[in-house]
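Observations on chain architecture
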Amino acid sequence: MPIKILIIASAITYYSFAQTIYEVQPGTKGNEITLTVSNISETSPATNVNIVLTRKSSALSFSKEMETIELIEAKAEANAIFTFDVNRNAPINKKDTIDFMITSPDGIMMTKQFIFSYTGPKEFKLEQNYPNPFNPTTRIRYQVSSLSEVSLKVYGILGSEAATLVNEQKEAGYYEVNWDASNLASGVYIYRLQAGSFISTKKMMLLR
């Protein structure tokens with residue numbers, strides 16, 4: 001599930017607290033970081049406050065990397081929301097750090113840091129292929145919750161084997177494989193995942 005993070009940062013003071021580690025799941029989309037910037041001045045507005053993503057991660061894709069808050073009235077707050085997706089191949093159980101720099105024309109500068117931990121799957125799962133129906137290629141995603149011998153095969157509707165897509169040991173993680181059925185006829189096909197004692201099958205349709 002997507003996560004939502006709310007952080008309050010004062011426009012003129014900065015306090016350091018113990019860092020929180022946020023758990024995010026690879027493949028999730030629409031995660032949010034909301035930076036609430038407070039102007040604690042009793043009389044003066046804050047103008048043109050810039051919030052910039054200064055330390056990035058190849059595992060995270062942000063919809064934007066900068067936002068300018070043009071005006072924050074005295075004793076008021078304003079939000080900057082940064083939406084991001086987590087790549088499906090993010091390193092499981094590894095930690096990642098990103099930084100935002102908050103600056104204003106009057107010389108105020110502070111950094112907000114976030115540490116993410118990419119959580120592994122808690123169960124074995126085979127997803128529906130996409131697109132479906134397809135012509136002639138489709139993507140099949142699956143997840144493995146522990147080190148396992150994994151087999152992913154495709155069969156015709158009468159049970160004849162059409163393709164072996166995976167036949168190897170896999171560590172816990174999220175996986176996907178593309179299948180090209182250019183040499184096969186239209187029809188319904190069955191794909192079957194076996195990982196240890198876990199077995200799951202689904203149907204897909206090739207339409208030409």
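See above for the structure.
Residues numbered from 1 in each chain as written. Predicted model: local features only at pLDDT ≥ 70, side-chain atom pairs only at ≥ 80, totals over all residues. Heavy atoms only, no water.

Let us now look at the overall build of the chain. The number of helices and strands found in the chain is zero helices and 16 strands. The C-alpha atoms of the chain give 24 Å as radius of gyration, which overshoots the globular expectation for 208 residues (17 Å, by more than 25%). In terms of overall dimensions, the chain has a C-alpha envelope of 80 × 35 × 20 Å along the principal axes. Residues counted as buried form 40% of the 208 residues belonging to the chain. Sequence-distant contacts in the chain: of pairs separated by 6 or more residues, those separated by 24 or more amount to 67%. As presented, the chain carries roughly 11,500 Å² of accessible surface, and 49% of it is formed by carbon and sulfur atoms. Charged side chains of the chain number 20 positive and 20 negative; the gap between the two group centres comes to 9 Å. (Helix = DSSP H or I, 4+ residues; strand = E, 2+ residues; numbered from the N terminus. Rg over C-alpha atoms; globule rule 2.2 N^0.38 Å. Buried < 20%, exposed > 50% of the residue type's maximum accessible area, 1.4 Å probe, protein only. Contact = heavy atoms within 4.5 Å. Areas by Shrake-Rupley, 256 points an atom, 1.4 Å probe, with all protein chains shown as cover. Lys, Arg positive; Asp, Glu negative; His and termini not counted. Charge placed at Lys NZ, Arg CZ, Asp CG, Glu CD.)

Another point: the pattern of salt bridges. Per the counting criterion, the structure on display carries seven salt bridges. A salt bridge links Glu176 to Arg141, with the shortest nitrogen-to-oxygen separation between them at 2.8 Å. Remark: Arg141 occurs in strand S11 (residues 137-144) and Glu176 occurs in strand S14 (residues 173-180); sequence separation between them is 35 residues. With a relative accessible area of 22%, Arg141 lands in the partly exposed category. Where Glu161 meets Lys153, a salt bridge forms, and the shortest distance between an N and an O atom there is 3.8 Å. A relative accessible area of 22% means that Lys153 is categorised as partly exposed. (Salt bridge = Lys/Arg side-chain N within 4 Å of Asp/Glu carboxyl O.)

Ile33, Ile51, Phe62, Ile98, Phe100 and Phe116 are the most contacted members of the largest nonpolar core, which totals 27 residues. When residues in this core are grouped by element, the largest group, five residues, is from strand S7 (residues 76-86). Those residues within four positions of Phe100 in sequence are excluded, and the remaining contacts are Ile33, Leu35, Ile51, Val52, Leu53, Thr54, Phe62, Phe82, Met110, Thr111, Lys112 and Phe114. The next biggest cluster of nonpolar side chains, apart from the first, holds 20 residues, and it includes Ile140, Val144, Val177 and Ala181. (Core = buried A, V, L, I, M, F, W, Y, C linked by side-chain atoms within 4.5 Å.)

Below, the discussion takes up the packing of aromatic side chains. Under the definition given, this model contains 11 aromatic pairs. On the basis of an interplanar angle of 45 degrees and a centroid distance of 6.3 Å, the ring pair of Tyr22 and Phe116 is categorised as tilted. Taken together, the residues span a long stretch of sequence, with Tyr22 in strand S2 (residues 21-24) and Phe116 in strand S9 (residues 109-118) at a distance of 94 residues. Look at Phe134 and Trp179: their rings are 5.8 Å apart centre to centre, the planes differ by 55 degrees, and that puts the pair in the tilted class. Residue Phe134 is found in the loop between strand S10 (125-126) and S11, and its partner Trp179 is found in strand S14; the two are separated by 45 residues along the sequence. Note on Phe134: relative accessible area 3%, which makes it buried. Using a relative accessible area of 5% as the deciding quantity, one classes Trp179 as buried. What links up through ring pairs into an aromatic cluster is the set Tyr22, Phe62, Phe82, Phe84, Phe100, Phe114 and Phe116. Above the face of the Phe82 ring, Lys64 is positioned so that its terminal group lies 5.3 Å from the ring centre. (Phe/Tyr/Trp six-rings, centres within 6.5 Å; stacked < 30°, edge-to-face > 60°. Lys NZ or Arg CZ within 6 Å of the ring centre and 35° of its normal.)

Attention shifts here to the sheet that holds S14. Strand order in the open sheet formed by three strands is S10-S11-S14, with antiparallel pairing between adjacent strands. Only two strands of the sheet have a single partner each, and these edge strands are S10 and S14. (Pairing = 2+ DSSP bridges.)

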